[in-house]
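Observations on the model geometry
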Amino acid sequence: RGNLARVQHILLVLSGKGGVGKSTISTELALALRHTGKKVGILDVDLCGPSIPRMLKVQDRDVHQCDSGWVPVFVDQDKSISLMSIGFLLEKPDDAVVWRGPKKNALIKQFISDVAWGELDFLIVDTPPGTSDEHISTVEALRPYKPFGAVLVTTPQAVSVGDVRRELTFCKKTGLRVLGIIENMSGFVCPHCLECTNIFSKGGGEELAKHSGVPFLGCVPLDPQLTQSLEEGRDFIQEFPKSSAFPALASIAQQILDGTS
Amino acid sequence: MAEVPGDCPGTSSAQAGSATACQGCPNQRLCASGAAAGPDPAIEEIKEKMKSVKHKILVLSGKGGVGKSTFSAHLAHGLAEDETKQVHQSGSGWSPVYVEDNLGVMSVGFLLSSPDDAVIWRGPKKNGMIKQFLRDVDWGEIDYLIVDTPPGTSDEHLSIVQYLSAAHIDGAVIITTPQEVSLQDVRKEISFCHKVKLPIIGVVENMSGFICPKCKNESQIFPPTTGGAEKMCQNLNVPLLGKVPLDPQIGKSCDKGQSFLSEVPNSPATASYRNIIQRIQDYFGLHHSQEEKII
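Only a predicted model underlies this, so the values are computations on that prediction, with no experimental measurement involved. (Residues numbered from 1 in each chain as written. Chains lettered and ligands numbered in written order. Predicted model: local features only at pLDDT ≥ 70, side-chain atom pairs only at ≥ 80, totals over all residues. Heavy atoms only, no water.)

A few points about the overall build of chain A
To keep it simple, the criterion reads: A run of H or I in DSSP becomes a helix once it reaches four residues, and a run of E becomes a strand once it reaches two; helices and strands are each numbered from the N terminus. This radius of gyration counts C-alpha atoms alone. The globule rule is 2.2 Å times how many residues there are, raised to the power 0.38. A 1.4 Å probe rolled over the protein chains alone gives each residue an accessible area, and that area as a share of the maximum for its type sets the label: buried under 20%, exposed over 50%, partly exposed in between. Between two residues, a contact is recorded if the distance between any of their heavy atoms is within 4.5 Å.
Assigned secondary structure in chain A consists of nine helices and twelve strands. Its C-alpha atoms give chain A a radius of gyration of 17 Å, near enough to 18 Å, the size a compact globule of 261 residues would have. Evaluated residue by residue, chain A yields a buried proportion of 61% over its 261 residues. Once local pairs closer than 6 in sequence are excluded, the contacts in chain A between residues at least 24 apart make up 76%.

Shown next as structure tokens:
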């Protein structure tokens, strides 16, 4: 069964909508699972906007080949988080990947079969927004490995939820189990006066979960500490357990772990 | 269209059908015959159709969720407020949906029968739809056509530039948020614009700061850790059109389908939008008079 033979659970992070926090949630989920002792790989199949290398401070690293294919980049000394992204294959970070569907599909197939992950408890697959080539190809290529399921990320307002509804349809049509919906950027607590403002509205994600009969995994608030951490490639889960986003992220990771037992 | 090999040289390449990568490709014979290499006749048809459109603006970003659609909608509302801008219907074709007398919209959203319907299409089918939107929509005579795009630098972006190549796009407005994770993608989009020779009208930094409605202190929710759009624009020598702060009313207006500019006229965000819209109009004014001088 090749390079994915020793990967226990494959998890996709999806959204119909752009900019809701798929890469952020993928990264934080990986960190949270690592802190419970799991070995996690992250596969970043967003070819136009690969965000994860920078979030884990490995944007300057190179990938090497071995007999079984590409060696993923290890983010930490313990080798408990590994990452593969097109970001590592670009000559310059500002180089645009201006490819049509067929070329994207070919690389995604390679990313899925030719990365030597070794033994992993979880492989988290971060995707670009939408329901197009990348998504169709990823799901098709992963089918023989029976993905554990998908987590859908939305922000609370109707304009986002409207797109994520369509992503739910994509999951239904492709037979991908929906593990749950996360409502991200759900409220902002002013650090000066502690007043909570619902900048991107509130409740849309929870309502969508109820309406569609899928689990609601929780609300994650806007947390500038979280954003700052990701900008600087720091381990948020380790550094900021007292921040407002931490309990939500830890709970989501726990729900996923519970689902696997 | 069947799967093509990863090393496909491209259907318009001189090697189409004869490169090593073509062996075994189901389209090999088609390419080798030269049938796929000619320019798409739709490009000329679109050029004719676009003659009644004075200015074409692309709204782009490498990054998702930065506010392209929000900005496109409000740019349209702002421009439509000028009642001298008229729309005249002529001939036949798909009719846009009119929001105001002088503001029409076309979107795949109107073609879907349910809010749960997903458009699960690969590139070629998306390209076909985009071609139809450009060739078959009867805009009539309009001053501005604003083209809202999805994030990235892929099929949709290549197609829109390709299909409008004879009709001439006036320029692109690029949207970003202040943090590096966005700028990283936006630099790629700027690189794409240079590659396809698309003029850049300027960059808009959206979600630039948040003023707490209670204590009025400012928070940088999406912090400009590497200098924000300002620094990026300086480095890449593109104009910064302006910064729009976060205002919870913007999202609410969008969700309700209203113009934030008329719903909350006193918001600092409204002032920012109006300044930016003015700068875009100035850009067209300037370029128009430059063209006149040449004549």
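Still more to cover.
Digging into the packing of aromatic side chains
Residue and element names in this part refer to chain B. Here is the rule we go by: By convention, a stacked pair of Phe, Tyr or Trp rings (six-membered ring in the case of Trp) has centres within 6.5 Å and planes under 30 degrees apart, an edge-to-face pair has planes over 60 apart, and any other such pair is tilted.
Inspection of the entire model under this criterion finds eight aromatic pairs over all chains. Aromatic pair tyrosine 144 and phenylalanine 284: ring centres 5.6 Å apart, planes at 65°, arrangement edge-to-face. Separated by 140 residues along the polypeptide, tyrosine 144 in strand β4 (residues 142-148) and phenylalanine 284 in helix α10 (residues 268-294) bring together distant segments of the chain. On the accessibility criterion, tyrosine 144 (18% relative accessible area) is buried. With a centroid separation of 6.4 Å and an interplanar angle of 65°, the aromatic rings of phenylalanine 260 and tyrosine 273 are classed as edge-to-face. One end of the pair, phenylalanine 260, is in helix α9 (residues 260-263); the other, tyrosine 273, is in helix α10, with 13 residues separating them in the sequence. The same class applies to phenylalanine 260 as to tyrosine 273, namely buried. The rings of Phe71, Phe260 and Tyr273 are connected pair by pair, giving a single aromatic cluster.

Some points on the UniProt feature "binding site: ATP" (unreviewed entry) in chain A
All names here are of chain A. Basically, it comes down to this: UniProt positions are given in the numbering used here, feature names are shortened, and annotations may be inferred rather than shown by experiment.
Per the UniProt entry, the sites bearing "binding site: ATP" (unreviewed entry) are Gly16, Lys17, Gly18, Gly19, Val20, Gly21, Lys22 and Ser23 in this numbering. On the secondary structure map, glycine 16 appears in the loop between β1 (7-14) and α1 (22-35). Taking relative accessible area as the criterion, glycine 16 reaches 18% and is therefore assigned buried. Topologically, lysine 17 is positioned in the loop between β1 and α1.

Focus on the environment of glutamate 232 of chain A
All names here are of chain A. Basically, it comes down to this: Whenever two N or O atoms come within 3.5 Å, that pair is a polar contact, provided that in protein one can donate a hydrogen and the other can accept it, and provided that, for residues adjacent in sequence, both atoms are side-chain atoms.
Of note, glutamate 232 is situated in the loop between α7 (224-231) and α8 (236-239). By relative accessible area, which is 30% here, glutamate 232 ends up partly exposed. Sequence separation between glutamate 232 and arginine 54 is 178 residues, and the spatial gap between their C-alpha atoms is 7.7 Å. Engagement of the side chain of glutamate 232 in a polar contact is seen with the side chain of glutamine 228, the distance being 2.8 Å.

Topic: helix α7 (residues 228-236) of chain B
Because an α-helix packs 3.6 residues into every turn, residues spaced three or four apart end up facing the same way. Residues and elements named next belong to chain B. Formally: Think of the arc as the fan of directions from the helix axis to the C-beta atoms.
The complete set of buried residues in α7 reads Gly228, Ala229, Met232 and Cys233. Here the buried residues of α7 occupy an arc of 150° about the axis, which is enough to place them on one side. In α7, the exposed positions angled more than 90 degrees off the buried face are occupied by Gln234 and Asn235. Where α7 is buried, its residues touch β5 (171-176), α6 (180-195), β6 (200-205) and β9 (240-243). Positive backbone phi, at 55°, marks asparagine 237, one or two positions downstream of α7.

A few points about the pattern of salt bridges
As a reminder, the rule being used: We define a salt bridge as a contact between a side-chain nitrogen of Lys or Arg and a carboxyl oxygen of Asp or Glu at a distance within 4 Å.
Considering all chains together, one arrives at 19 salt bridges over all chains under this definition. Between aspartate 40 of chain B and lysine 131 of chain B there is a salt bridge, with its nearest N and O atoms 2.8 Å apart. You can see aspartate 40 of chain B sitting in the loop between α1 (28-32) and α2 (42-49) and its partner lysine 131 of chain B sitting in helix α4 (residues 123-136), a full 91 residues away along the chain. Look at lysine 131 of chain B and you get buried, because its relative accessible area is 18%. Across the pair arginine 135 of chain B and glutamate 45 of chain B runs a salt bridge, and its minimum N-O distance is 3.9 Å. In this pair, arginine 135 of chain B is assigned in helix α4 and glutamate 45 of chain B in helix α2, connecting sequence segments 90 residues apart. Judged by relative accessible area, glutamate 45 of chain B falls into the partly exposed class, the value being 41%. The structure contains a network of salt bridges with shared partners spanning Arg34, Asp76 and Asp235 of chain A.

Topic: the nonpolar core
We count it as follows: The term nonpolar core refers to a set of buried residues drawn from Ala, Val, Leu, Ile, Met, Phe, Trp, Tyr and Cys, joined through side-chain atoms within 4.5 Å.
One finds Leu12, Leu43, Met84, Trp117, Leu123 and Leu152 of chain A to be the most contacted residues of the largest nonpolar core, which totals 81 residues. With 39 residues, the next largest nonpolar core counts Ile46, Ile130, Cys193 and Ala229 of chain B among its residues.

A look at the interface of chain A and chain B
What counts here: When two components associate, each loses some accessible surface as probed by a 1.4 Å sphere; the sum of these losses over both components is called the buried area.
In this complex, chain A contributes 57 residues to the contact, which on the side of chain B involves 55 residues. For the pairing of chain A and chain B, the buried interface totals around 4700 Å² over both sides, and the portion due to carbon and sulfur atoms is 56%. The largest share of the area that chain A buries against chain B comes from Arg100, Arg166 and Glu231 of chain A, three residues that together contribute 14% of it. Our count for the contact surface shared by chain A and chain B stands at four salt bridges. Residues aspartate 155 of chain B and arginine 100 of chain A are paired through a salt bridge, measuring 3.3 Å at the closest nitrogen-oxygen approach. Counting every contact that joins chain A to chain B gives 30 residue pairs in polar contact (both at pLDDT 80 or more).

Details of the side chain of glutamate 167 of chain A
Residues and elements named next belong to chain A. For clarity, the cut-off: Charge assignment in this entry is limited to Lys and Arg as positive and Asp and Glu as negative, and neither His nor the chain termini are counted.
Among the secondary structure elements, glutamate 167 is positioned in helix α5 (residues 158-174). With no salt bridge to any partner, buried glutamate 167 finds its closest opposite charge in lysine 22, at an N-O distance of 8.2 Å. Once residues within four sequence positions are removed from consideration, glutamate 167 is found in contact with Leu14, Ser15, Gly16, Gly130, Thr131, His135 and Leu152.

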